[in-house]
Amino acid sequence: MTIRNKKKVIKRSSPDQINKQSATSDFSLFNKKTTFPIVGIGASAGGLEAFELFFEAMPPDSGMAFILVSHLDPSHTSILPELIQKKTSMNVLHVADHMQVQPDHVYVIPPGKEMAILNGYLKLMEVSGSRGTALPIDSFFRSLAQDQRSNAVCIIFSGTGTDGTLGLRAIKGEAGMAMVQDEKSAKYDGMPRNAIATGLVDYILPPAKMPEQLISFSSYMMKGSGDKIHDEDDKIQNALQKIFILLRSSTNHDFSQYKKNTIFRRIERRMHVHQIVDITSYVRYLQESERERHILFKDLLIGVTSFFRDGTAFELLKEKYLPVLFEGKPDEYQVRIWVPGCSSGEEVYSIAMIARECMEMMDHHYNIQIFGTDIDEEAINIARAGIYPDSIVADVSPERLKSFFIKDEHTYQIKKVIREMVVFATQNIIKDPPFTRLDMLCCRNLLIYFTQDLQKLLFPIFHYSLKKDGILFLGSSETTGYASNLFTCLDKKWKFFTPIASANSPQAVPHFPLHTPLHQAMSHKQTTHPKVFDEFKTQKLLKSIIAQSDLPACVVIDDQANIIYIHGRTGHFLEPAEGEISTNLLAMARHGIKTGLTNAIHKVLVSHQETVIKGLHVKTYDGLFDVNLIVRPLPDFETGSSGIMMVIFEPVSSDLKPQAKHAVTREHEKGDEYEKLEHELQYTKENLQSTIEELENSNEELMSANEELQSTNEELQSTNEELETSKEELQSLNEESTTVNSELQSRIDELIKANDDIKNLLDATEIATIFLDINFELSRFTSTVKNLFPLKYTDIGRPIKHFSSTLVDVDLQSLAAKVLEDLNMIELEVNDNKQKTYRMRLRPYRTINNVIDGVVITFEDITQIKLIEAQLEASSFSFEKKLTMMSKVFMDSADPIIIEDLGGTIIDANSEAINSYGWSREEIIGKHALDLSPKENYDQMKNALDQCLKGTSVRNLESSYLHKSGKFIPVLLTFSLLSGKNGKPQAIATIAKNYPAS
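Residues numbered from 1 in each chain as written. Predicted model: local features only at pLDDT ≥ 70, side-chain atom pairs only at ≥ 80, totals over all residues. Heavy atoms only, no water.

Side note on the overall build of the protein
To keep it simple, the criterion reads: Segments assigned H or I by DSSP are reported as helices when at least four residues long, segments assigned E as strands when at least two residues long, and all are numbered from the N terminus. Exposure is judged per residue with a 1.4 Å probe applied to protein chains only, and the accessible area is read against the type maximum: over 50% gives exposed, under 20% gives buried, and values in between give partly exposed. Residue contacts are defined here by distance: any two heavy atoms, one from each residue, within 4.5 Å place the two residues in contact.
Looking only at helices and strands, the protein has 28 helices and 35 strands in total. Looking at the protein as a whole, 45% of its 998 residues qualify as buried. Across the protein, contacts joining residues at least 24 apart in sequence account for 63% of those joining residues at least 6 apart.

Here we look at the side chain of aspartate 491
What counts, and what does not: Charged-residue counts in this description rest on Lys and Arg as positive and Asp and Glu as negative, His and the chain ends being excluded. Note on definitions: salt bridges are taken to be side-chain nitrogens of Lys or Arg within 4 Å of carboxyl oxygens of Asp or Glu.
By secondary structure assignment, the location of aspartate 491 is in strand β19 (residues 487-491). Buried charge without a salt bridge: aspartate 491, with lysine 320 as the nearest opposite-charge side chain at an N-O distance of 5.4 Å. Sequence-distant contacts of aspartate 491, defined by excluding residues within four places in its chain, comprise Leu316, Tyr321 and Phe496.

Notes on a nonpolar patch on the surface
The following threshold applies: Residues qualify for a patch when their relative accessible area is over 30% and they have no salt bridge, like charges being joined within 9 Å and the nonpolar side chains of Val, Leu, Ile, Met, Phe, Trp and Tyr within 5 Å. Accessible surface is estimated by sampling points in the Shrake-Rupley manner with a 1.4 Å probe; for residues, cover comes only from the protein chains shown.
Judged by side-chain polarity, Leu744, Ile748 and Ile752 come together as a nonpolar surface patch covering roughly 250 Å² of accessible area. Within the secondary structure layout, isoleucine 748 lies in helix α22 (residues 671-765).

Re the pattern of salt bridges
For side chains of opposite charge, pairing can occur when their charged atoms come near one another. On inspection of all chains with the given rule, the structure shows 32 salt bridges. Lysine 818 is paired through a salt bridge with aspartate 822; the nearest N and O atoms lie 3.0 Å apart. Here the residue lysine 818 and the residue aspartate 822 both occupy positions in helix α23 (residues 812-822), the gap between them amounting to 4 residues, near one helical turn. For lysine 818, a relative accessible area of 44% gives the class partly exposed. A salt bridge links aspartate 895 to lysine 993; the shortest N-O distance between them is 2.8 Å.

A word on the sheet that holds strand β27 (residues 778-781)
Quick note on the threshold: Paired strands, as defined in this entry, are two strands with at least two bridges between them according to DSSP. Each axis is a line fitted through C-alpha atoms, taken for helices only over the stretch in contact, and angles between the N-to-C directions span 0 to 180 degrees.
Ordered by their spatial adjacency, 5 strands build an open sheet running β27-β26-β30-β29-β28, and the pairing between neighbours is antiparallel. Of all strands in the sheet, those with a lone pairing partner are β27 and β28 (826-831), marking the two edges. For this sheet, the mean inter-axis angle between neighbouring strands, taken without regard to orientation, is 20 degrees. Of the pairings in the sheet, the one linking strand β26 (residues 768-772) to β27 comprises 3 bridges and is antiparallel in character. Note that in β27 the partner of isoleucine 770 across the bridge is phenylalanine 781. In the packing of α23 onto the sheet, the strands contacted are β26, β28, β29 (837-846) and β30 (852-861), and the crossing angle to β29 comes to about 40 degrees.

Some points on the packing of helix α8 (residues 234-251) against helix α10 (residues 279-288)
Threshold: In what follows, roughly perpendicular refers to angles from 65 to 115 degrees, roughly parallel to angles under 35, roughly antiparallel to angles over 145, and oblique to any angle outside these ranges. The nonpolar class holds Ala, Val, Leu, Ile, Met, Phe, Trp, Tyr, Cys and Pro. Asp, Glu, Lys and Arg form the charged class, and all remaining residues, Gly among them, are polar.
As a packed pair, α8 and α10 sit with axes 10 Å apart at the nearest point and diverge in direction by 10 degrees. Here α8 is positioned roughly parallel relative to α10, judged by the angle of their axes. Of the residues in α10, those touching α8 at Lys235, Ile236, Ala239, Lys242, Ile243 and Leu246 are Ile279, Thr280, Tyr282, Val283, Leu286 and Gln287. The residue makeup of the contact of α8 with α10, split by class, is 8 nonpolar, 2 polar and 2 charged.

Looking at the packing of aromatic side chains
Quick reminder of the rule: Stacked, edge-to-face and tilted are the three classes for Phe, Tyr and Trp ring pairs, Trp counted by its six-membered ring, which pair at centre distances within 6.5 Å; planes under 30 degrees apart are stacked, over 60 edge-to-face, the rest tilted.
Scanning the model with the defined rule gives 27 aromatic pairs in all. With a centroid separation of 5.2 Å and an interplanar angle of 70 degrees, the aromatic rings of tyrosine 258 and phenylalanine 450 are classed as edge-to-face. One end of the pair, tyrosine 258, is in the loop between α8 and α9 (260-274); the other, phenylalanine 450, is in the loop between β17 (438-443) and α17 (452-465), with 192 residues separating them in the sequence. The pair formed by tyrosine 258 and phenylalanine 450 is uniform in burial state, with each residue classed as buried. Seen from their ring centres, tyrosine 349 and tyrosine 388 are 6.2 Å apart, and the 80 degrees between their planes marks the pair as edge-to-face. One end of the pair, tyrosine 349, is in helix α13 (residues 346-362); the other, tyrosine 388, is in strand β13 (residues 387-389), with 39 residues separating them in the sequence. With a relative accessible area of 3%, tyrosine 388 lands in the buried category.

Some details on the packing of α9 against helix α11 (residues 290-300)
Helix-helix packing is characterised by the crossing angle of the two axes and by the distance between the axes. Under the convention used in this document: A crossing counts as left-handed when the near helix is turned anticlockwise from the far one by less than a right angle, and as right-handed when that turn is clockwise.
Here α9 crosses α11 at 140 degrees, and the two axes come no closer than 10 Å. By the angle class used here, α9 and α11 are oblique. Our pair here, α9 against α11, has a crossing hand that is right-handed. Facing Ile263, Arg266, Ile267, Arg270 and His274 of α9, the residues of α11 in contact are Glu292, Ile295, Leu296, Asp299 and Leu300. Grouping the constituent residues of the contact of α9 with α11 by class yields 5 nonpolar, 1 polar and 4 charged.

Some remarks on the environment of lysine 619
Note that lysine 619 resides in strand β23 (residues 611-620). Exposure remark for lysine 619: the relative accessible area of 51% places this residue in the exposed category. Spatially, the C-alpha atom of lysine 619 lies 8.7 Å from that of phenylalanine 573, the residues being 46 residues apart in sequence. For lysine 619, the contacting residues outside a window of four places in its chain are Arg590, His591 and Leu624.

So, the confidence of the model for the protein
To keep things clear, this is the line we draw: Per-residue confidence from the predictor is reported as pLDDT, a score between 0 and 100.
Overall, the predicted model of the protein reaches an average pLDDT of 79, with 81% of residues at or above 70. Helix α1 (residues 15-23) is the least confidently modelled element of the protein, averaging 39 in pLDDT, while strand β5 (residues 105-108) averages 94, the highest of any element. Every residue in residues 1-32 scores below 50 in pLDDT, and together they form 38 contacts with partners more than four places removed in sequence or on other chains. For residues 503-509, every residue scores under 50 in pLDDT, and the model assigns this stretch 7 contacts once sequence neighbours within four places are set aside.

Some details on helix α28 (residues 938-949)
This is how it is decided: Expected span of a helix, by definition, is 1.5 Å for each gap between consecutive residues, and there is one gap fewer than residues. An arc is given here, and it is the one of the directions from the helix axis to the C-beta atoms.
Between its first and last C-alpha, α28 extends 17 Å over 12 residues, near the 16 Å set by a 1.5 Å rise per residue. When α28 is considered as a whole, its buried residues turn out to be Met941, Ala944, Leu945 and Cys948. Looking down the long axis of α28, one finds its buried residues gathered within 95 degrees of arc, a one-sided arrangement. Residues of α28 that are buried in the fold lie against β31 (897-900), β33 (954-962), β34 (968-979) and β35 (985-994). With its phi angle positive at about 95 degrees, glycine 951 sits one or two positions after the end of α28.

Observations regarding the state of the cysteines
Rules: Our working definition of a disulfide is a cysteine sulfur pair at a distance within 2.5 Å.
Going through the model one piece at a time under the given rule, you end up with 0 disulfides. Considering cysteine sulfurs only, cysteine 443 is the nearest to cysteine 442, which forms no disulfide, with 7.7 Å between them. Cysteine 442 sits in the buried class, given a relative accessible area of 0%.

So, the side chain of glutamine 427
Keep this limit in mind: Within 3.5 Å is the distance limit for a polar contact, defined as a pair of N or O atoms, with the added protein rule that one can donate a hydrogen and the other accept it, and that residues adjacent in sequence qualify only through two side-chain atoms.
Here glutamine 427 is to be found in the loop between β16 (422-426) and β17. For glutamine 427, the side chain forms a polar contact with the side chain of threonine 373, separated by 3.0 Å. Within the local environment of glutamine 427, its side chain forms a polar contact with the backbone oxygen of proline 433, the two atoms lying 2.9 Å apart. In this view, glutamine 427 contacts Trp338, Thr373, Asp374, Ile375, Asp432, Pro433, Pro434 and Phe435; residues no more than four positions away in its chain are not counted.

Section: the environment of tyrosine 412
Residue placement: tyrosine 412 occurs in strand β15 (residues 411-414). When the C-alpha positions of tyrosine 412 and serine 391 are compared, they lie 9.1 Å apart, and in sequence the two are 21 residues distant.

Let's talk about the pairing of β34
Pairing analysis gives 7 bridges linking β33 to β34, with the strands arranged antiparallel. Counted as the bridge partner of serine 959 is valine 971 from β34. One ladder, built from 9 bridges, connects β34 with β35; its direction is antiparallel. Paired with leucine 977 across the strands is isoleucine 988, a residue of β35.

Brief notes about the sheet that holds β33
Pairing is antiparallel in the open sheet, where 5 strands are placed in the order β32-β31-β35-β34-β33. Here the strands that pair on one side only, and so sit at the sheet edges, are β32 (906-909) and β33. Going from strand to strand, the sheet's axes swing by 30 degrees on average, the running direction of each strand aside.

So, the environment of asparagine 194
Along the chain, asparagine 194 turns up in helix α6 (residues 190-196). Linking asparagine 194 and aspartate 163, residues 31 residues apart in sequence, is a C-alpha distance of 8.8 Å.

Examining the nonpolar core
Inclusion rule: Buried residues of nine kinds, namely Ala, Val, Leu, Ile, Met, Phe, Trp, Tyr and Cys, make up a nonpolar core once their side-chain atoms join them within 4.5 Å.
Counting residues in hydrophobic clusters, the biggest one holds 49 residues, and the most contacted among them are Phe307 and Phe405. Not counting the four nearest positions on each side in its chain, phenylalanine 307 is found in contact with Glu346, Tyr349, Ser350, Met353, Tyr388, Ile392, Asp395, Val396, Phe405 and Ile414. Judged by nonpolar contacts, the second largest core, of 45 residues, contains Ile236, Met271, Ile276 and Leu301.

Laid out in structure tokens, this is it:
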């Protein structure tokens, strides 16, 4: 037998009562944060099992509050609170609007709602957007981070998709704690896997092991154990310097000029996670653990970023400042924008989308070049890929998702047209040179982490980098501060600035790296070397190769025919073109080789094979030269061009002297020569005309085919969008269905167990019982019925009148019909053809909602009782012998019998009563009869005893008797008055029949 630990019983309050209590203290709690951790738990498909395992292991007095957010079907009433309540003795409540969060309570989001928290009060809102785009976990986690900051804890359980990932980032950004279910124990690992991929998770554990770690972390944090980090303590300062040195040696980045409060919070949080009391011990742990150095580095770099953060500022940028910046610029003008501290790229892509929308609005095209930089290489790699979780739908409008993103299963990827506008690179704003000649510099929510000294060094760099009419875009919490002499404020609220011209005192070129205190301490050990550019290396390598080969005059060109390098004397073949200086080979080619040169270059670009054209006549002022033209493809040499070629001018004769001019001795050239030239010209014209006509026909066919393909493409795009929408909705529906299925499966398991209990109870009573439905068809029966009716379990559903029985003169269907008509119980004594007597009872079958749904018929074998009664009546025994006989009947009876005095105190009980109720004879004697009855039956029992004392027997009273284990057993009671030898009442006998509640 399994013995379960008793759980503490807590008096539960209804949601309405809690709301009334919380409403009275609205004003007193305004802006007041809770003093206990609030744990947000998110789950989707497969989350029910994780919830149950978690709360089975969670003590009811942890001092924390738990808020469960799951993907629920809005059309289905959730039974999640009832299922969770069976696993914990904490109050489990469906959230109602404006419900105050209290410790040691569990709150469950209702279906079809989004939830937020404000000053410790839960707020419910209608779901915005379509069913497939709802992200309730992300939405609540973000709200929890903003409201509770370091008191916030988030846990992500099983589920598909990426919901919860962005919310986890927000909680970590406020120095909260994050736990995630390990992928092996999750039925669906999509949500845990995406959360773990952020690299920000503190603990990765199975649900059953989370409570222990959570309590340990919470207790350590609430006690405030360990060193409290502050500036004044020399010990702390010394340890901080060592931490900075360890981080710099591991990551090559200096954090000594970051704001101390930020550094303190992150280090304290890591000490809490590892439960390290002393900061010097944490320094030692950092020295020993490379992984901890990496995690602390990531913690210090948490980029709390999102698409279009502060949406009003971006709309202002689009509607007001970018049009002014673009105004007057020619088409194809290169707009240069720099976003330092770009993290995973959301802000960079937001600006790129805004810039493209602005260009479309102005009907102009500019060459937008946006540089996104950050010191976190992992974040830069994410930004380069441009792939983000589908939870970004909370930040990006459907129109922009359609225009600028490609939807995958659980992700969105930035389209190529936007990614081509952006270049990402790892850069340390403190150490590395800045980008210059910028039209806009967007540095939002980065400076707030830097000290004022470092900000003073950075603003002159920003001023130097921007053009005179450029824009500086800062975060809403930032300002130019001491650099107000360098910038003019355009918008105080959203922090747009423009540089102040410094004609009288031009800004000096800044030197890098900037000299931070930690850098200055080590600067004497460092030396710098000038940078050698790859272009110079390439040209030097090219010159060396050509110089060592025996080549005639030649040039190296790119795929645009621009000259990269010249070898030998090319004056006979090339001459400067008229007008602006140009180094294009085709512009400089002399008459006679330009056409052949154009064709040869084209062939090489197409075929990537060497091409030779022989016998070209180069015309110069001195006469004609015969030359062979060779165009040869070359390797790339890492110059950044993909079509490097060498053009070789090979003279036909060994000397380059021009051919002698023919003296004009005759008045005109030979006639046959002119005729030949005219024929060639005519042939060329005809071929050209034919080629033009064929080209026009091909163009028309291509245009027609292109229009058809465009139309087909538009239809396919429309179909694809519809399919994507349907897919999202089906995925959401599938997750909700999985959750509902889990709840229903849990309920089915309970019903199966209850059904087994009922079956065993009915079989244990050994009372033949038949259940008929409203049409008098069999719905259930006990095995004992087979002694009266030849029934099999395959007979369920057949009318009772189809079966014969051993009963004599009994019409069950007629009696059952009378019960349904009168709704009263019928009790009869009936006989069968085997000389047995039964007490037959028919009563209405009532559902839990008190609906009549059939008839219950029971047959109690009273053959022995009737036989004893007959023997007693026929006997002429003396009173003493009768008393002896009755005593034996009393002790050997198969029914529980209790003897009470006239006041109701128990004076004896037979063996069956002792066995049935679990009390020993010593324990039960002396109790009052009412002590064995439930309180609601006191009046009924007292009336029965009073009637019995008046000489009226009470039969078949429905009640319950208390078992020693604390359970109440349903019974049918018969009260009889016992008289002494003189006929006076002496005691009351209570005979019980164990009987299942109908």
